[in-house]
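For reference, the chains in residue letters:
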Amino acid sequence: MANVNYRLYSDSTCDLSKEILDKMDVKLFDLSFEVDGKTYTGDEMPLKDFYDAMRNGAMTKTSQVSPSTYEEEFERCINEGHDILHLAFSSGLSGSYNAACIAKDNLLEKYPKARIIIVDSLCASTGQGLLLIKAEKLKREGMGLNELGDWLEHNKYNLCHVFTVDDLEYLRRGGRVSKTAAVAG
C-alpha cells in the first residue's frame, strides 16, 4: 500500500469556497492583502468589499506567504510524523512557491529524512482549486505521496486558464503589464 501518511497543503489563492474546503482534508496558507494601508488575511474582508474598494480607487496590494510561515507549519507537521505535499500558487504570479521551497530546504537540513514535495501549480484561482480538489480525492483514494506529486507535475499542464479584468491599472501597478500596454489596453 502506498504511503498516505502525508498532509496536503495549498495556498488560499485556490479560491475554493468554505463549503467545499470544509469537506476536504487540506490546510491552506492565507496570503495577505492591503487596502489603503490596512492588512487583511483570509476572509477578514469579503471579496465584494475588496473589489468595491478597488473600483472606488483604493490602493491595494497582495503579499506572499513568508518562508517562516511555511517553515513553522511544515515543521509542526513533520513533528507529528507526517510527510508533506504542498500545491503552491503559481511562481509566475507570486514568490510564495519560492518561499515554500526555502522552507523545505531549511527543514531538510534539520530533518534530513523528512519527505516534502512542493509543486508549482502554475495556476491560480479556479485552476489551482480544481487541481487541489482532484489531488485531495486521489489522496483519499490511497494515492501515495510520490505518485500524487508526479500526477500533479504532469497534469498541471492540462489546464486552460482564461480570466478577464475591468481595466489594466492594477496589472500595471503590480508590474504584470507595462505602462504602454496598460494605456493601449
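Residues numbered from 1 in each chain as written. Predicted model: local features only at pLDDT ≥ 70, side-chain atom pairs only at ≥ 80, totals over all residues. Heavy atoms only, no water.

(A) Looking closely at the side chain of E136. Among the secondary structure elements, E136 is positioned in helix α5 (residues 125-140). In contact with E136, other than residues within four places in its own chain, are L8, K23, M24 and D25. (Helix = DSSP H or I, 4+ residues; strand = E, 2+ residues; numbered from the N terminus. Contact = heavy atoms within 4.5 Å.)

(B) View of the packing of aromatic side chains. Applying the stated criterion across every chain, the model contains eight aromatic pairs. In this structure an aromatic cluster arises from ring pairing among Y9, F29, Y70 and F74. The lysine or arginine in question, K139, covers the ring of Y6, its NZ or CZ lying 5.0 Å from the ring centre. (Phe/Tyr/Trp six-rings, centres within 6.5 Å; stacked < 30°, edge-to-face > 60°. Lys NZ or Arg CZ within 6 Å of the ring centre and 35° of its normal.)

(C) Representation of the pairing of strand β3 (residues 32-35). Across four bridges, β3 lies against strand β4 (residues 38-41) in antiparallel orientation. Considered in β4, the bridge of F33 is made with Y40. In this structure, the hairpin formed by β3 and β4 is closed by a connection of two residues, where D36 is found at a positive phi of approximately 50°. Across four bridges, the pairing between β3 and strand β5 (residues 60-63) is antiparallel. (Pairing = 2+ DSSP bridges.)

(D) The arrangement of the pairing of strand β1 (residues 6-11) in detail. Counting buried positions along β1 gives five out of six residues, so the element sits mostly inside the fold. Looking at chain direction, β1 and strand β6 (residues 83-88) are connected through five bridges and run parallel. Across the sheet, L8 pairs through a bridge with L85, a residue of β6. In terms of strand pairing, β1 meets strand β2 (residues 27-29) through three bridges, oriented parallel. Note on β2: the bridge partner recorded for S10 is L28. (Buried < 20%, exposed > 50% of the residue type's maximum accessible area, 1.4 Å probe, protein only.)

(E) Molecular detail of unusual backbone geometry. In the Ramachandran plot, D15 falls in the positive-phi region, its phi being about 55° despite a non-glycine side chain. Here D15 lies in the loop between β1 and α1 (18-21). The exposed category is assigned to D15, whose relative accessible area is 51%. Even without a glycine there, the phi angle at L122 is positive, about 60°. Judged by relative accessible area, which is 37%, L122 ranks as partly exposed.

(F) Focus on helix α6 (residues 145-155). Of the positions making up α6, those classed as buried are L145, L148, G149, L152 and N155. The buried residues of α6 occupy an angular sector of 145° when the element is viewed end-on, so they sit on one face. Within α6, the exposed residues directed more than 90 degrees away from the buried face are D150 and H154. In the core, the buried residues of α6 are packed alongside β1, β6, β7 (116-120) and α5. (Arc of directions from axis to C-beta.)

(G) Examining a nonpolar patch on the surface more closely. Taken together, I20, L130 and I133 make up a surface patch of nonpolar side chains, about 230 Å² in accessible area. By secondary structure assignment, the location of L130 is in helix α5. Take L130: its relative accessible area is 48%, and that puts it in the partly exposed class. (Patch = residues over 30% accessible without salt bridge, like charges linked within 9 Å, V, L, I, M, F, W, Y side chains within 5 Å. Areas by Shrake-Rupley, 256 points an atom, 1.4 Å probe, with all protein chains shown as cover. Salt bridge = Lys/Arg side-chain N within 4 Å of Asp/Glu carboxyl O.)

(H) Spatial organisation of the packing of helix α3 (residues 67-79) against helix α4 (residues 96-110). Relative orientation of the contacting elements α3 and α4 amounts to 45°, with a least axis distance of 8 Å. Taken together, α3 and α4 sit at an angle that is classed as oblique. For the pair α3 and α4, the sense of crossing is right-handed. Residues P67, Y70, E71, F74, E75 and I78 of α3 touch α4, and the partners they reach there are S96, A99, A100, I102, A103, N106, L107 and K110. Split into classes, the residues belonging to the contact of α3 with α4 amount to nine nonpolar, two polar and three charged. (Axes fitted to C-alpha atoms, helices over the stretch in contact; angles between N-to-C directions. Parallel < 35°, antiparallel > 145°, perpendicular 65-115°, else oblique. Left-handed = near helix turned anticlockwise from the far one by under 90°. Nonpolar A, V, L, I, M, F, W, Y, C, P; charged D, E, K, R; others polar.)

Nothing here speaks to function; it is all geometry.
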